[in-house]
Amino acid sequence: MGSEDDRTGQLRLMHWEAAVDAIGEHPVLGVGYENWMSYYSDINPTFAQEIHNTFLEVPAELGIPGALLFFGLVVGSFATNRRTRRRLRELGPWGAVMHGMAKGLDVAMVGLLVASTFMSVLFWPVYWMHFALSVALSETSKRLALHAPRTVHVPRAVPSHPSLPAVARVGQ
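Residues numbered from 1 in each chain as written. Predicted model: local features only at pLDDT ≥ 70, side-chain atom pairs only at ≥ 80, totals over all residues. Heavy atoms only, no water.

Chemist: Sorry if this is basic, but what is going on with the side chain of D106 here?
Modeler: Looking at the element boundaries, D106 is found in helix α4 (residues 92–115). Looking at D106, its side chain comes within polar contact range of the side chain of N81, at 2.9 Å. (Helix = DSSP H or I, 4+ residues; strand = E, 2+ residues; numbered from the N terminus. Polar contact = N/O pair within 3.5 Å; in protein donor to acceptor, adjacent residues only side chain to side chain.)

Chemist: Sorry if this is basic, but what is going on with the packing of helix α3 (residues 54–88) against α4 here?
Modeler: Pairs of packed helices are described in terms of their axes, by the angle between the two and the distance that separates them. Relative to each other, α3 and α4 sit at 155°, their axes nearing to 9 Å. In terms of their interaxial angle, α3 and α4 are classed as roughly antiparallel. Handedness of the α3/α4 crossing: left-handed. Across from F55, V74, S77, F78, N81, T84, R85 and L88 in α3, the residues of α4 making contact are G95, M98, H99, A102, K103, L105, D106, M109, V110 and L113. Its residues assigned to classes, the contact of α3 with α4 shows ten nonpolar, five polar and three charged. (Axes fitted to C-alpha atoms, helices over the stretch in contact; angles between N-to-C directions. Parallel < 35°, antiparallel > 145°, perpendicular 65-115°, else oblique. Left-handed = near helix turned anticlockwise from the far one by under 90°. Contact = heavy atoms within 4.5 Å. Nonpolar A, V, L, I, M, F, W, Y, C, P; charged D, E, K, R; others polar.)

Chemist: Which parts of the structure should I look at to understand the packing of aromatic side chains?
Modeler: For any pair of aromatic rings, geometry is given as the distance between the ring centres together with the angle between the planes. Under the defined criterion, the tally for this structure stands at ten aromatic pairs. Between Y33 and F123 the ring centres are 4.8 Å apart and the planes differ by 80°, which places this aromatic pair in the edge-to-face class. Note that Y33 is positioned in the loop between α1 (7–25) and α2 (36–43) and F123 in the loop between α4 and α5 (125–147), a separation of 90 residues in sequence. Using a relative accessible area of 57% as the deciding quantity, one classes Y33 as exposed. Taken together, the ring pairs connect F55, F70, F71, Y127, W128 and F131 into an aromatic cluster. (Phe/Tyr/Trp six-rings, centres within 6.5 Å; stacked < 30°, edge-to-face > 60°. Buried < 20%, exposed > 50% of the residue type's maximum accessible area, 1.4 Å probe, protein only.)

If you want it as structure tokens, here you go:
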């Protein structure tokens, strides 16, 4: 990608540059929800395509406030899954399964973020389903933790010492 022979690579670089310009021209509201193609067609009708980079698509179409909200959801998803894993550590077999699901959601988000560098997927359902699954798993783990049988930690008996009075000795 990037060589002069690579037309696809050159087009992507051209779209990325136009997206950066659009962010500078429309920082607050962007060019509008799903409005990139219309916006870019006015600039270059011959090569109008998607931006092919979600990280540029979000601020270009939704503005910087929209991008902050979106990336807040991404960070929030990781934080939610982390809290879920903590809650599930010692809740038996279902806790172990759900703990693995929370880890899997984080791995899936990392894969989605990597892929989003070369695709425009903001308005595909993948991110939104991921956010919903993270919240659903968190809520389910709260209910599991609420209704799980509690294990009471009983400290081991302290060995008695001959200098202690008989009443204070443990195990007698």
